[in-house]
Amino acid sequence: MGSSIGFLGGGNMASAMIGGLLGCGWQSADLMATDVDPAARGRLSDTYSVRTSPDAAETVRASRCVVLAVKPQQLRDLCAGIAGSLEDRLVVSIAAGIRTPDLSRWLGGHRRIVRVMPNTPALLRAGISAAYALPEVPPSDRQSADALLQAIGKVMWVEDETLMDGVTAVSGSGPAYAFYLIEAMQEAARRLGFTDEQGRLLSVETVLGAAKLAEASQDPAAVLRARVTSKAGTTERALSVMEAHDTKAHLVEAILAAAERSRELGDALGRD
């Protein structure tokens, strides 16, 4: 992907992407990062030996691809400071909720933009990122963005930007749903007499193993569930309680509510 990538923002996701790129064979000399916090710049420099600068425009000028990795509320001001330096550079935005028409407007009409929604397992290079590119983005830029995102996990491209609200609800917020399940399993284990350490081990490893089984199988999750549910057995008893409380329907409703909230935030963040 060209000769350099500049990260504007030095938080957890930028750090994960830098670590992933270095793990994929990139050289620290090809990466640069900006953050207004000197401590954040120091962490990136000490951990990854990448160049850092307090000046976002300087980082833009030194890079062929620019990754916008600041908080959504900070993005408009950042764009105002770099719009004059972008020229024809590829811009990859991981700022949640900011739509490409708004971002393009803030960047003075710049159109080589890829919008990305990663999730927190990217910190372990086990994330899933959904990406949307404006029509003006050439195939070579899409390939460059894809290579960047593969450094932190798997990548799914969507051709309709409105789906990004659904991505936010399903995978962006999704780790919290998994943690909620683990939390419930650990509480049950505690009430059954296990220590906190034992409950954590049983719960985390079970969820991790089940996810690996689902990943390795071509069968729907419902089929996998049926295979481990013996008639009149313990699993069937547990699932019957969940069905009596409409647990799945409530989870679906919750995820749809998250998507609606994502749309609301996009409307609010994009206002002039």
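Summarised in this report is the structure supplied together with it. Just so you know, these numbers come straight off a predicted model, no measurement behind them.

## Some remarks on the side chain of Thr59
Okay, step 1: With respect to the helices and strands, Thr59 occurs in helix 3 (residues 56–61).
Okay, step 2: For Thr59, the residues in contact, after removing those within four places along its chain, are Gly6, Phe7, Leu8, Met32, Ala33, Thr34 and Ser53.

## Here we look at the environment of Gly199
Okay, step 1: In this fold, Gly199 is placed in helix 9 (residues 196–216).
Okay, step 2: Between the C-alpha atoms of Gly199 and Asp141, which are 58 residues apart in sequence, the distance is 46 Å.
Okay, step 3: Excluding residues that lie within four positions of it along the chain, Gly199 makes contacts with Gln186, Ala189 and Phe194.

## Some remarks on the pattern of salt bridges
Okay, step 1: Taken as a whole and judged by the stated rule, the model has 13 salt bridges.
Okay, step 2: Ionic pairing is found between Asp102 and Arg105, a salt bridge with its closest N-O pair at 3.0 Å. In this pair, Asp102 and Arg105 are both assigned in helix 5 (residues 100–106), three residues apart and thus about one turn of the helix distant.
Okay, step 3: Look at Arg105 and you get partly exposed, because its relative accessible area is 36%.
Okay, step 4: Within this structure, Asp88, Arg112 and Asp141 form a network of salt bridges that share partners.

## Points about the nonpolar core
Okay, step 1: Core analysis: the biggest nonpolar cluster contains 57 residues, and Phe7 and Leu75 have the highest contact counts within it.
Okay, step 2: The dominant element in this core, judged by the number of residues it contributes, is helix 1 (residues 12–23), at six residues.
Okay, step 3: Among all residues touching Phe7, those that are not within four sequence positions of it are Ala14, Met17, Ile18, Leu21, Leu31, Met32, Ala33, Thr34, Thr59, Val67 and Leu148.

## Things to note about the packing of helix 7 (residues 163–172) against helix 8 (residues 174–191)
Okay, step 1: Running from N to C, helix 7 and helix 8 point in directions that differ by 30 degrees, and their axes come no closer than 5 Å. The angle between helix 7 and helix 8 places the two elements in the roughly parallel class. Residues Ala169, Val170, Ser171 and Gly172 of helix 7 form the contact with helix 8, whose own contacting residues are Gly174, Pro175 and Tyr177.
Okay, step 2: Taken together, the residues that form the contact of helix 7 with helix 8 break down as four nonpolar, three polar and no charged.

## Here's the deal with the sheet that holds strand 3 (residues 51–53)
Okay, step 1: Overall, mixed pairing links the eight strands, which are arranged 3-2-1-4-5-6-7-8 in an open sheet. Because the sheet does not close on itself, it has two edges, and the strands there are strand 3 and strand 8 (153–157). Strand-to-strand twist across the sheet, computed as the mean angle between neighbouring axes with direction ignored, equals 25 degrees.
Okay, step 2: Of the strand pairs in this sheet, strand 7 (residues 127–133) and strand 8 are connected by five bridges, and their pairing is parallel. Bridge pairing links Ser129 to Val155 in strand 8.
Okay, step 3: Across the sheet, helix 4 (residues 72–82) touches strand 1 (5–8), strand 4 (65–68) and strand 5 (90–93), and the angle it forms with strand 4 is around 155 degrees.

Procedures and definitions
- Residues numbered from 1 in each chain as written.
- Predicted model: local features only at pLDDT ≥ 70, side-chain atom pairs only at ≥ 80, totals over all residues.
- Heavy atoms only, no water.
- Helix = DSSP H or I, 4+ residues; strand = E, 2+ residues; numbered from the N terminus.
- Contact = heavy atoms within 4.5 Å.
- Salt bridge = Lys/Arg side-chain N within 4 Å of Asp/Glu carboxyl O.
- Buried < 20%, exposed > 50% of the residue type's maximum accessible area, 1.4 Å probe, protein only.
- Core = buried A, V, L, I, M, F, W, Y, C linked by side-chain atoms within 4.5 Å.
- Axes fitted to C-alpha atoms, helices over the stretch in contact; angles between N-to-C directions.
- Parallel < 35°, antiparallel > 145°, perpendicular 65-115°, else oblique.
- Nonpolar A, V, L, I, M, F, W, Y, C, P; charged D, E, K, R; others polar.
- Pairing = 2+ DSSP bridges.

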